[in-house]
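One-letter residues, chain by chain:
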Amino acid sequence: MCELLAISSRQATRLSFSLTALAGHSAPGHSARDGWGVAWYEDRQVVLHREAGPASDSPLARQLASAGPPTTLAISHIRHATRGARTLANTQPFVRELGGRSHVFAHNGDLPGLAADPRYAPGRFQPVGDTDSEHAFCALLARLDPLWQQGTPGLQERLDAVAGFAAELQAYGPANFLYTDGETLFAHSHRRTQADGRIAPPGLHWLQRSCAQESEPLLADGVCVGCGYQQVLLLASVPLSQEPWLALAEGETVAVRGGQLLARRRA
């Protein structure tokens, strides 16, 4: 299956993504070599790098692994194609504008039949590619659109809307996703292909780390967060280190900001 990774930190720091290492965590028989992407924020603007090929063959991916950008918020995705051709248009993360902000979304799973259901019409947020993941993103933004008409909505309003939409997606298939509006990171955990081949929970794991020493880096397999006094929260499809990662419950949606877990909802 695809691999998801998000990082939220209290202060901007330099991140290094070893996408090849992350891809190695894919379930047996599901090598994620159909594309990769990383989106990170510089203030309210998103910088996005995507390629429709394996990260292991990419000079750009290797460059990011050795000298990633300073940021407080980033989402990455490594693709194993189940729906849609191996093209750049179908490569995640996806980015759209809403309310004067760049919104980012990445999904892990398969949602057959979603695009044909009129309840999930994308409205003005039309897909560019032909994946169910992008359609789900556009449908989510169509749901959120009214909330953003008078400025940035409150956290509880956004969390209720995102969690409610996520609960509906579960009827179509595995619905793990990462979504951010540039201020708050939302993550929904459902089910994914496990090491024994079963499609079962958990779909996402999280780890919160504090760095109390100026010279102490935060390390995990495939991820390095630069030195400095820092609070970081990582979300990933599978644990990336031997530390005590926590599994999100099936159907759980969480809201994260500045490396802190702010709120959580369960379907």
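This one's a predicted model, so the numbers in the text were calculated from it and none came from an experiment.

(A) View of the packing of helix α3 (residues 132–144) against helix α4 (residues 155–169). Running from N to C, α3 and α4 cross one another at 140°; their axes reach a closest spacing of 10 Å. Taken together, the axis directions place α3 and α4 in an arrangement best described as oblique. In this structure, α3 crosses over α4, and the sense of that crossing is right-handed. Judged by residue contacts, A136, A139, L140, R143 and L144 of α3 engage A161, V162, F165, E168 and L169 from α4. Grouping the constituent residues of the contact of α3 with α4 by class yields 8 nonpolar, no polar and 2 charged.

(B) Quick peek at the pattern of salt bridges. One pass over the full model with this rule turns up 14 salt bridges. Of the charged contacts, one joins R191 and E250 as a salt bridge, the two residues approaching to 2.6 Å between their closest N and O atoms. Here R191 is found in the loop between β8 (185–189) and β9 (192–193), whereas its partner E250 is found in the loop between β15 (246–247) and β16 (252–257), with 59 residues between them in sequence. Through salt bridges that share partners, R158, D181, E183 and R257 make up one connected network.

(C) Region of the structure containing empty space enclosed by the protein. Under the definition given, this model contains 3 cavities of 30 Å³ or more. Estimates place the volume of the largest cavity at around 80 Å³. Surrounding the largest cavity, 13 residues form its lining, R79, T82, R83, Q92 and S133 being those nearest its centre.

(D) Quick peek at the sheet that holds strand β5 (residues 94–98). With antiparallel pairing, 6 strands are arranged side by side in an open sheet as β5-β6-β7-β8-β16-β17. Each edge of the sheet is formed by a strand with only one pairing partner; in this case those strands are β5 and β17 (260–266). Averaged over all neighbouring strand pairs, the angle between strand axes comes to 20°, with direction disregarded. Note: β5 against strand β6 (residues 101–108), 5 bridges, orientation antiparallel. Looking across to β6, one finds that V95 is bridged to V104. Here α3 sits on the sheet and contacts β5, β6 and β7 (176–180); the angle it forms with β5, its principal contact strand, is near 15°.

(E) Summary view of α4. Taking 1.5 Å per residue as the helical rise, α4 with its 15 residues ought to reach 21 Å, and the 21 Å between its terminal C-alpha atoms agrees with that figure. Along α4, the positions that sit buried rather than exposed are L155, R158, L159, V162, A163, F165, A166 and L169. For α4, the buried positions fall inside an angular range of 165° around the axis, keeping them on one side. In this structure, the buried residues of α4 make contact with α3, β7, β8, β16 and β17.

(F) Representation of the environment of G35. Following the sequence through the fold, G35 ends up in the loop between α1 (19–23) and β2 (36–42). Given the relative accessible area of 2%, G35 is considered buried. Through-space distance from the C-alpha of G35 to that of T87 is 8.0 Å; in sequence the pair is 52 residues apart. With residues up to four places along the chain from it excluded, the contact list for G35 reads E51, A52, G53, H77, I78, R79 and T91.

(G) Looking closely at unusual backbone geometry. P93 follows Q92 through a cis peptide bond whose omega is 5°. With respect to the helices, strands and loops of the structure, P93 is situated in the loop between β4 (70–78) and β5. Put simply, P201 and P202 share a cis peptide bond, and its omega is 5°. Within the element layout of this structure, P202 appears in the loop between β10 (199–200) and β11 (205–211). Its identity as a non-glycine residue notwithstanding, D43 has a phi of 60°, on the positive side. By the secondary structure assignment, D43 is in the loop between β2 and β3 (45–51).

Cut-off values and rules
Residues numbered from 1 in each chain as written. Predicted model: local features only at pLDDT ≥ 70, side-chain atom pairs only at ≥ 80, totals over all residues. Heavy atoms only, no water. Axes fitted to C-alpha atoms, helices over the stretch in contact; angles between N-to-C directions. Helix = DSSP H or I, 4+ residues; strand = E, 2+ residues; numbered from the N terminus. Parallel < 35°, antiparallel > 145°, perpendicular 65-115°, else oblique. Left-handed = near helix turned anticlockwise from the far one by under 90°. Contact = heavy atoms within 4.5 Å. Nonpolar A, V, L, I, M, F, W, Y, C, P; charged D, E, K, R; others polar. Salt bridge = Lys/Arg side-chain N within 4 Å of Asp/Glu carboxyl O. 1 Å grid on protein atoms, 1.4 Å probe; cavity = no way out; pocket = protein on both sides within 12 Å on 5 of 7 lines; lining within 4 Å. Points joined across faces, edges and corners; volume = space filled by probe spheres on them. Pairing = 2+ DSSP bridges. Expected span 1.5 Å × (residues − 1). Buried < 20%, exposed > 50% of the residue type's maximum accessible area, 1.4 Å probe, protein only. Arc of directions from axis to C-beta.

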